[in-house]
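One letter stands for each residue in the lines below.
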Amino acid sequence: MRSYESVFIPFGRYFLQPRSSKNRPFLTHSTPPGTRLSSDNSLGSLRLQVQYTEDRVFPAAIYDNLKSLLLQSSPAQPVTNSSVYVLGEIIINKIEIAPPLVRILLHSEKVVPIIRSLATVEISKVTDPTTIFRGNTLVSKMMDEAMRLIGLQYLHKTLRPTLELIFSEKKPCEIDPTRVRDPNTIQTNQANLKAYIQNIFDDITQSAVHCPALMCQIFHNLKECAMLYFPNNKEVRYSVISGFIFLRFFAPAILGPRLFDLTTQAIDCQTNRTLTLISKTIQSLGNLVRITDKVSCRSTQQVCKEEYMDCLYKEFCTDIHKTAMKKFLEIISANTSSPQAIENDKPVTLKEGLMIKRAQGRKRFGRKNFKQRYFKLTTHNLSYSKSRGKDALCEIPLSNILAVERLAETSFKMKNMFQIVQPERALYVQAANCVEEKEWVDLLTKICQTNANRLKKYHPSAFINGEWICKSPNELAPGCSEVSQVDSNNYHMTLDPERDLQRIHSLIIGHIPHLEKYIQVLEEREPMICDVLKKLHEVAFEIEYQHRIYKRALDRNTKYGSL
């Protein structure tokens, strides 16, 4: 048995200090020190209304039936008959039920399919694609919690450098004329703000290769569902993802960095205002993907409610920014583990440029053995041609790329080389410089990280003179070195499924009247849903029975007057 206590304190800033001497009446020390009327300089007291919650957690076996019932939601068809969906309907406050559900599903590796099923149901009910996930539904709250748990390290790596710069420089960035004493400072403030926003925009759009694989899988599923129900809307593939990653992930973290452990220091009013303006702009930039080429920036002024923000928005409403945004969203929603299921999913170019490839000959040296080709990576395949605009000489489906690793310089006595491992053989490529090499390797690895047949080991050197560096004569022999790790997220270290199952049990017990009312109403109309409700009722009281046994034993052993 474990016991957990949590205290909710209303969010705010509290500052205790002695009353000033001129406002403090002269009194004797008969008044208790530290109280409002005391004559000493000790701090006063602060009275707060707090919410206290205690959960007693039993061993894992006690929660087996509840856990099994929740995990059965993954294969349940339709998902509206599942326990997870039913809990979302019974419990009114979705913020209470979403966190423990996500943690349990993450621990059991079921969060991706269940979020996909719940998202499919929600998207199917929407008629306007701009309103997808705009409400406080269970799936939207589960997405928020999943991004917070899975993507916290990614968030820190992306935002912390620029935020620390903002905290240290403390440059004024106020551009609201009603908040500025000297109007002549607005231009300088605006330049400071633009620089910070551009830094954060670059940090975000260049961070795609670091986005955790689980988040990418979830984003891919959301994109696929949205495109399935809105096939004629070309921008829905971007807007459904930007609504989460910008509006619910990056923007809130910028606005409240202490809530996301991005800083521990107190934030002064000026810096807090700077973060507010940056967060507003990032939210607006998240809506860039909804603007088609036929719509000018002038007709989209409604994106920014404040007039003083309009000029700032226009500064970032450019084709360059929109292209960078879409490329970022394409990379974090790429998935090559399954064939393309959407007919109108046209390929989007992610990267292209000239590189040198090794021909399919077997000679180790020689000019004719290496040829310059124009490479092009899209969301569907990697291809190369003789020059830009020419027909492709070779196309490699992304699902056929088993690994992308750097090649040992000793193989061909050439720098900046990497290999693209395919089922039959490896393609050896040389980039123009080390920066280009890293960009190609990181991007290809990121795009192909979900391939079902992705290798665990590879050969660090080329297959030359009929053997590998490990002396194996078989060209298809298993590798001898571990492939590079894509993710290093340790969110699983913080998961405690028994505690979360107890939290769900407490929520069910607290909503028993709602549950029993649903059973009465749906007894005849929806027998399958009613069956799930009865199972939830049954397992909840099984656990509650264990709590009552423990409580009686505790009461028997309690001595009056003991603490």
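Residues numbered from 1 in each chain as written. Predicted model: local features only at pLDDT ≥ 70, side-chain atom pairs only at ≥ 80, totals over all residues. Heavy atoms only, no water.

### Considering the side chain of Ser 461
Worth spelling out the cut-off: Only runs of H or I of at least four residues qualify as helices and only runs of E of at least two qualify as strands under DSSP, and these elements are numbered from the N terminus. Each residue's exposure class comes from its accessible area (1.4 Å probe, protein chains only) as a fraction of the maximum for that residue type: buried when under 20%, exposed when over 50%, partly exposed otherwise. Between two residues, a contact is recorded if the distance between any of their heavy atoms is within 4.5 Å.
Relative to the assigned elements, Ser 461 resides in the loop between β10 (457-458) and β11 (481-482). For Ser 461, a relative accessible area of 5% puts it in the buried group. In contact with Ser 461, not counting residues within four places along its chain, are Leu 407, Ala 408, Thr 410, Ser 411, Tyr 428, Trp 468 and Ile 469.

### Remarks on the environment of Pro 75
Assignment of secondary structure puts Pro 75 in the loop between α1 (64-71) and α2 (83-90). In this structure Pro 75 comes out as exposed when scored by relative accessible area, which is 60%. For the pair Pro 75 and Lys 110, spaced 35 residues apart in sequence, the C-alpha to C-alpha distance is 9.9 Å.

### Some words on the pattern of salt bridges
Spelled out, the test is: Throughout this description, the term salt bridge denotes a Lys or Arg side-chain nitrogen within 4 Å of a carboxyl oxygen of Asp or Glu.
This model, assessed by the stated rule, comprises 22 salt bridges. The shortest N-O distance in the salt bridge between Lys 438 and Asp 442 comes to 2.6 Å. Pair noted here: Lys 438 and Asp 442 are both in helix α13 (residues 434-447), with a separation of 4 residues, about one helical turn. Owing to a relative accessible area of 43%, Lys 438 belongs among the partly exposed residues under this scheme. Take Asp 442: its relative accessible area is 23%, and that puts it in the partly exposed class. Put simply, Arg 103, Glu 145 and Arg 148 are held in one network by salt bridges that share partners.

### Brief notes about the packing of aromatic side chains
Just so we agree on the cut-off: Stacked, edge-to-face and tilted labels apply to pairs of Phe, Tyr and Trp rings (six-membered ring for Trp) whose centres lie within 6.5 Å, assigned for plane angles under 30 degrees, over 60, and everything in between, in that order. To sit over a ring, a charge needs its Lys NZ or Arg CZ within 6 Å of the ring centre and within 35 degrees of the ring normal.
The final tally for this structure, using the stated rule, is 10 aromatic pairs. Considering the side-chain rings of Phe 246 and Phe 328, the 6.0 Å spacing of their centres and the 70 degrees angle between planes classify their relative orientation as edge-to-face. Pair noted here: Phe 246 is in helix α9 (residues 236-255) and Phe 328 is in helix α12 (residues 319-332), with a separation of 82 residues, a long-range link. Consider the rings of Phe 375 and Tyr 384, whose centres lie 5.3 Å apart with planes at 40 degrees: the pair is tilted. In this structure, Phe 375 and Tyr 384 share a single accessibility class: buried. Three or more aromatic residues joined by ring pairs form one cluster here, namely Tyr 154, Phe 246, Phe 249, Phe 250 and Phe 328. In this structure, Arg 237 packs its charged tip against the face of Tyr 238, placed 5.7 Å from the ring centre.

### A word on the sheet that holds strand β9 (residues 426-430)
Pairing between the strands of a sheet comes from backbone hydrogen bonds, and it takes one of two forms, parallel or antiparallel. What counts here: Being paired, for any two strands, means DSSP has found at least two bridges between them. Comment: axis = line fitted to C-alpha atoms, over the contacting stretch for helices; angle = value between 0 and 180 degrees taken between N-to-C directions.
The sheet built from 7 strands is open, its strands ordered β6-β5-β4-β3-β9-β8-β7 with antiparallel pairing. The sheet is open, and its two edges are formed by β6 (394-397) and β7 (403-406), each paired on a single side. In this sheet, neighbouring strand axes are inclined to one another by 30 degrees on average, regardless of whether the strands run parallel or antiparallel. Both strand β8 (residues 417-421) and β9 contribute to a ladder of 5 bridges, which runs antiparallel. Note that in β9 the partner of Gln 419 across the bridge is Tyr 428.

### Considerations on α12
Going by this rule: Multiplying 1.5 Å by the helix residue count minus one yields the expected span of that helix.
Taking 1.5 Å of rise per residue, the 14 residues of α12 would be expected to cover 20 Å, and the 20 Å separating its terminal C-alpha atoms lies within 8% of that figure. Of all the positions in α12, only His 321, Lys 322, Met 325, Lys 326, Phe 328, Leu 329, Glu 330, Ile 331 and Ile 332 are classed as buried.

### Thoughts on the confidence of the model for the protein
For clarity, the cut-off: As a per-residue quantity, pLDDT reports the predictor's confidence and falls between 0 and 100.
Taken residue by residue, the protein gives an average pLDDT of 83. The fraction at 70 or more is 84%. Overall, residues 24-31 carries pLDDT values under 50, and its contacts beyond four positions in sequence, including any with other chains, amount to 12 contacts. Under a pLDDT of 50 for its full length, residues 292-302 has, in the predicted model, 9 contacts with residues more than four places off or in other chains.

### A word on a nonpolar patch on the surface
Note the cut-off: Two joining distances apply to patches: 9 Å for like charges and 5 Å for nonpolar side chains (Val, Leu, Ile, Met, Phe, Trp, Tyr), and every residue must have over 30% relative accessible area and no salt bridge. Surface accessibility in these figures is a Shrake-Rupley result with a 1.4 Å probe; residues are shielded only by whichever protein chains are displayed.
A contiguous nonpolar surface patch, about 230 Å² in accessible area, is contributed by Leu 46, Leu 48 and Val 50. On the secondary structure map, Leu 46 appears in the loop between β1 (2-8) and β2 (51-57). Owing to a relative accessible area of 44%, Leu 46 belongs among the partly exposed residues under this scheme.

### Points about unusual backbone geometry
The phi angle at Glu 109 is positive, at roughly 60 degrees, despite the residue not being glycine. Relative to the elements of secondary structure, Glu 109 occurs in the loop between α3 (94-107) and α4 (111-124). Of note in the backbone geometry, Asp 261 takes a positive phi value of approximately 60 degrees without being a glycine. One can find Asp 261 in the loop between α9 and α10 (269-286).

### Details of the packing of helix α7 (residues 186-205) against α12
Stated precisely, the cut-off is as follows: All amino acids are sorted into three groups, where Ala, Val, Leu, Ile, Met, Phe, Trp, Tyr, Cys and Pro are nonpolar, Asp, Glu, Lys and Arg are charged, and the leftover types, Gly among them, are polar.
Orientation of α7 relative to α12, taken along the N-to-C sense of each, is 35 degrees, at an axis distance of 9 Å. Between α7, through Gln 198, Phe 201, Ile 204 and Thr 205, and α12, the contact on the second element is made entirely by His 321, Ala 324, Met 325 and Phe 328. Considered class by class, the residues forming the contact of α7 with α12 number 5 nonpolar, 3 polar and no charged.

### Thoughts on the packing of α3 against helix α5 (residues 138-150)
Using the following cut-off: Any angle that falls under 35 degrees is termed roughly parallel, while one over 145 is termed roughly antiparallel, one within 65 to 115 roughly perpendicular, and all others oblique. Left-handed describes a crossing in which the near helix is turned anticlockwise from the far one by less than a right angle; the clockwise case is right-handed.
Where α3 contacts α5, the two axes come as close as 8 Å, and the packing angle between them is 55 degrees. The angle between α3 and α5 places the two elements in the oblique class. Classified by chirality, the crossing of α5 by α3 is right-handed. Each of Lys 94, Ile 95, Ile 97, Ala 98, Pro 99, Leu 101, Val 102, Arg 103, Leu 105 and Leu 106 in α3 lies in contact with α5, whose residues at this interface are Leu 138, Lys 141, Met 142, Glu 145, Ala 146, Arg 148, Leu 149 and Ile 150. Among the residues making up the contact of α3 with α5, the classes are represented as 13 nonpolar, no polar and 5 charged.

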